[in-house]
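# Secondary and tertiary structure notes
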2 protein chains.
Amino acid sequence: MNELSTEDRIKQAAKALFQEKGYSGTRTRDIAERSGINLALLNYYFRSKQKLFELVMLETIQQFFGTLPQYLNNPETSLDEKIQLLSRRYIDFLKTEPDLPLFILSEIRHNASGLIEKMNLNEVVFKSVLAKQYAEAMGRTEVDTKEIYMLIINPLSLIIFPFVARPMVMALTGLDQNGFDQMMEQRKTLIPIWNRNMLNSDLNTTSSNTTI
Amino acid sequence: MNELSTEDRIKQAAKALFQEKGYSGTRTRDIAERSGINLALLNYYFRSKQKLFELVMLETIQQFFGTLPQYLNNPETSLDEKIQLLSRRYIDFLKTEPDLPLFILSEIRHNASGLIEKMNLNEVVFKSVLAKQYAEAMGRTEVDTKEIYMLIINPLSLIIFPFVARPMVMALTGLDQNGFDQMMEQRKTLIPIWNRNMLNSDLNTTSSNTTI
DNA sequence: AAAGAATTTAAACATATGATTAAAATATCT
DNA sequence: AGATATTTTAATCATATGTTTAAATTCTTT
């Protein structure tokens, strides 16, 4: 009853291997071995390595970006609470899938079919409750692009970059894997504080004392 | 007199292609075509695709990390001036080599030979003038690891991540390539301001009003 | 100019890789 | 239980890929 179907076993193995080695570096024979299947089954179930890859990519992109709207759009949390939830949940998620962000960022960079352009993420962002909350705090109805840097890009930079650049971060800090994990735990609470202070620099610039 | 040697032409083509397609996705025939040489010359000059790759990697890693010490160690600039210089220079550099960070981060993640572990980057960081300046401002002789997050990891996150995640950032902000470039120009001055405010959150925590 | 060294060329090689094929095995339906 | 559909298997195929080889060409030295 707990047995995965052959199709799912292939997909799981492919997802892991594509993340580890990239598309070109992953052979169909690697996928067959890891999923414990006969090589020809990959073509039977998915028709080609390329088709399998596209399917895995779609699912993985959905996994990475798909939860973003819910963090930005909960009307019952404040702006700060949203950044707190985003930090905590994304870090928890990335700790379970440490290879995923690098894989996604690498593939969307080289992928000519524009998968994420089709997701209308900028609408999600500009029309989010988070953006509205910030605009209201500034006494306006809309945020501008520069404000999106602080509201979205900077938190995501602080959350995701250490995962993408883990060997580099470990080399710079001298932390081992365990230390790195602890660092990311600490950043769950630190990132919202830092971000609040970055937002405050904009508030100070506009001489507003509004508390969000 | 301006003629590049055959060896250099191969290296340049290889560097560009490895960044675009990765190691496995780049064929020796691609490199030969792009450098305008006969295929066998790759083996004549570099013995193998693997050896060529290792050489290109070494040079590229040096290019990416090699300038870091000079930004952290100039005794004639304040802490804030160092972050300003780091932001400006790294952003300028990355605008000329937009594919480089993703390539480096991807390869050091999968590279078992531990190239960057041998660089003793954490010594560079912990013993830097920057770290000393911060410790002095805190009335101590040394910084701890958490402080390195703010002094080094956070600025690097804010600087490098948008380049690594360019399609994602463009999708979230709705910016085109031109807009993205302008955004990075703005971040040259914004990142030091933001970082100063993050550091201030630590200063406030320790109830110190010291100005650095 | 001739000899020797270095570079370049085109073809061939040995192996790898994604895909196909046909038969065998298993599952499902009547 | 037999017929049919689906899944699996092992071998084979067609092409790709990194590398080698030997000859030709160019460069350097005497």
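Refer to the structure above for everything that follows.
Scope of this entry: the structure provided in the associated data block. (Residues numbered from 1 in each chain as written. Chains lettered and ligands numbered in written order. Predicted model: local features only at pLDDT ≥ 70, side-chain atom pairs only at ≥ 80, totals over all residues. Heavy atoms only, no water.)

### Some words on the overall build of chain A
Test applied: Working definition: helices are DSSP H or I runs of at least four residues, strands are E runs of at least two. Numbering for both runs from the N terminus. Buried, partly exposed and exposed residues are distinguished by accessible area as a fraction of the type maximum, computed with a 1.4 Å probe on protein chains only: under 20%, between the cut-offs, and over 50%, respectively. Contact criterion: two residues are considered in contact whenever any of their non-hydrogen atoms come within 4.5 Å of each other. Computed by Shrake-Rupley with a 1.4 Å probe, the accessible areas treat only the displayed protein chains as cover when residues are assessed. Note on charges: Lys and Arg go in the positive column, Asp and Glu in the negative column, and His and the chain ends are not counted at all. Just so you know, the charge point we use is NZ for Lys, CZ for Arg, CG for Asp and CD for Glu.
The secondary structure content of chain A amounts to 12 helices and zero strands. Overall, the C-alpha framework of chain A stretches about 65 × 40 × 35 Å when taken along its three principal axes. For chain A, the proportion of its 212 residues judged to be buried stands at 52%. Of all intrachain contacts in chain A linking residues separated by at least 6 positions in sequence, the fraction that spans at least 24 positions is 65%. A total accessible area of about 9800 Å² is found for chain A, and carbon and sulfur atoms account for 47% of it. Averaging the positions of the 24 positive and the 25 negative side-chain charges in chain A gives two centres separated by 4 Å.

### Focus on helix α10 (residues 145-164) of chain A
Spacing of three or four residues puts side chains on the same side of an α-helix, whose turn is 3.6 residues. Note the cut-off: Helix span, as expected, comes to 1.5 Å for every residue beyond the first. The definition of a polar contact used here is a pair of N or O atoms within 3.5 Å, where within protein one atom must be able to donate a hydrogen and the other to accept one, and adjacent residues in sequence count solely through side-chain atom pairs.
Over its 20 residues, α10 of chain A runs only 25 Å from end to end, short of the ideal 28 Å by more than 12%, given 1.5 Å per residue. Where α10 of chain A begins, one side-chain oxygen reaches toward the backbone nitrogen of Lys146 of chain A, 3.1 Å away; that side chain belongs to Asp144 of chain A.

### Concerning the pattern of salt bridges
Short version of the rule: Each salt bridge in this description consists of a side-chain nitrogen of Lys or Arg and a carboxyl oxygen of Asp or Glu lying within 4 Å of one another.
Inspection of every chain in the model, using the stated rule, returns 23 salt bridges over all chains. Through salt bridges that share partners, Asp92, Lys95, Glu185 and Lys188 of chain A make up one connected network.

### Describing helix α9 (residues 129-137) of chain B
Listed as buried for α9 of chain B are Leu130, Ala131, Gln133, Tyr134, Ala135 and Ala137 of chain B. Looking one or two residues past α9 of chain B, Gly139 of chain B carries a phi angle of roughly 70°, positive in sign.

### Quick notes on the protein's contact with DNA strand C
The condition is simple: Proximity criterion: a residue is near a molecule or strand once any of its heavy atoms comes within 4 Å of it. Polar here means any residue other than Ala, Val, Leu, Ile, Met, Phe, Trp, Tyr, Cys and Pro, which are nonpolar, and Asp, Glu, Lys and Arg, which are charged; Gly is therefore polar.
Taken together, 15 residues lie around DNA strand C, and Arg27, Thr28 and Lys49 of chain A together with Tyr44 and Tyr45 of chain B are the ones closest in. Of all atoms in DNA strand C that approach within 4 Å of the protein, 58% are sugar or phosphate atoms. Note that a base nitrogen of DNA strand C is positioned 2.9 Å from one of the side-chain N or O atoms of Arg29 of chain A. The contact in question runs from a phosphate oxygen of DNA strand C to an N or O atom on the side chain of Lys49 of chain A, over 2.7 Å. Here the surface near DNA strand C takes four residues from helix α3 (residues 40-46) of chain B, the largest share from any one element. Across the surface near DNA strand C, the residue classes tally to six nonpolar, six polar and three charged.

### A short note on the protein's contact with DNA strand D
The environment of DNA strand D is made up of 15 residues, and the closest members are Tyr44 and Tyr45 of chain A together with Arg27, Thr28 and Lys49 of chain B. A share of 57% is what sugar and phosphate atoms reach among the atoms of DNA strand D within 4 Å of the protein. In the environment of DNA strand D, a phosphate oxygen lies 2.7 Å from a nitrogen or oxygen atom belonging to the side chain of Arg27 of chain B. Put simply, the parts of the chain that give the surface near DNA strand D at least two residues each are α3 (40-46) of chain A together with α2 (28-35) and α3 of chain B.

### Focus on the environment of Leu55 of chain B
As for its placement among the helices and strands, Leu55 of chain B is situated in helix α4 (residues 49-65). Linking Leu55 of chain B and Lys15 of chain B, residues 40 residues apart in sequence, is a C-alpha distance of 9.6 Å.

### Focus on the packing of helix α10 (residues 145-164) of chain B against helix α11 (residues 166-173) of chain B
Residues and elements named next belong to chain B. For clarity, the cut-off: Lines fitted to C-alpha atoms define the axes, with helix axes restricted to the stretch in contact, and inter-axis angles between N-to-C directions lie between 0 and 180 degrees. An angle below 35 degrees is treated as roughly parallel, one above 145 as roughly antiparallel, one from 65 to 115 as roughly perpendicular, and anything else as oblique.
Direction vectors running N to C along α10 and α11 enclose 90°, while the axes themselves pass 5 Å from each other. Taken together, the axes of α10 and α11 are roughly perpendicular relative to one another. Contacts between α10 and α11 involve Phe161, Pro162, Phe163 and Val164 from the former and Arg166, Met168 and Val169 from the latter. Of the residues in the contact of α10 with α11, the class split is six nonpolar, no polar and one charged.

### With respect to the side chain of Glu97 of chain A
Residues and elements named next belong to chain A. As for its placement among the helices and strands, Glu97 is situated in the loop between α6 (79-96) and α7 (100-110). Overall, the relative accessible area of 17% leaves Glu97 in the buried class. Reaching out from Glu97, the side chain makes a polar contact with the side chain of Gln63 at a distance of 3.3 Å. For Glu97, the contacting residues outside a window of four places in its chain are Lys15, Gln19 and Gln63.

### Quick notes on the interface of chain A and chain B
The following threshold applies: What counts as buried area is the accessible surface, traced by a 1.4 Å probe, that two parts surrender upon association, with contributions from both included.
Taken together, the contact between chain A and chain B spans 55 residues of the former and 55 residues of the latter. Across the interface of chain A and chain B, roughly 4800 Å² is buried in total on both sides, 71% from carbon and sulfur atoms. Contact with chain B buries surface across chain A, with Arg109, Tyr149 and Leu172 of chain A losing the most and accounting together for 17% of the total. The tally of links from chain A across to chain B stands at two salt bridges. Looking at the side of chain A that touches chain B, the elements with two or more residues in it are α1 (6-25), α4 (49-65), α7, α8 (121-126), α10, α11 (166-173) and α12 (177-205) of chain A.

### A word on empty space enclosed by the protein
Residue and element names in this part refer to chain A. Short version of the rule: Detection works on a 1 Å grid of protein atoms alone, calling trapped sets that fit a 1.4 Å probe cavities and calling open sets with protein on both sides within 12 Å along at least five of seven lines pockets, with lining residues defined by an atom within 4 Å of a point. Grid points are joined across faces, edges and corners, and a volume is the space filled by probe spheres set on the points.
Applying the stated criterion across every chain yields a total of one cavity of 30 Å³ or more. Of the pockets and cavities examined, the largest cavity occupies roughly 30 Å³. Of all the secondary structure elements, the ones that give two or more residues to the lining of the largest cavity are α4 and α10. Counted by class, the lining of the largest cavity contains seven nonpolar, no polar and no charged residues.

### A word on the relation of the copies chain A and chain B
As a reminder, the rule being used: All copies are superposed by least squares; the fitting set is the C-alpha atoms of residues with a pLDDT of at least 70 in both.
Taken as rigid bodies, chain A and chain B are interconverted by a rotation of 180° and an axial shift of 0.0 Å, the fit giving an RMSD of 0.0 Å. Such values leave the two copies arranged in the relation of a two-fold axis. When the interface residues of chain A are mapped onto chain B, 100% of them are again interface residues, pointing to one common binding face.

### As for the environment of Asp144 of chain A
Residues and elements named next belong to chain A. The residue Asp144 is located in the loop between α9 (129-137) and α10 in this model. With 128 residues separating them along the chain, Asp144 and Ala16 place their C-alpha atoms 39 Å apart. Side-chain polar atoms of Asp144 contact the backbone nitrogen of Lys146, separated by 3.1 Å.

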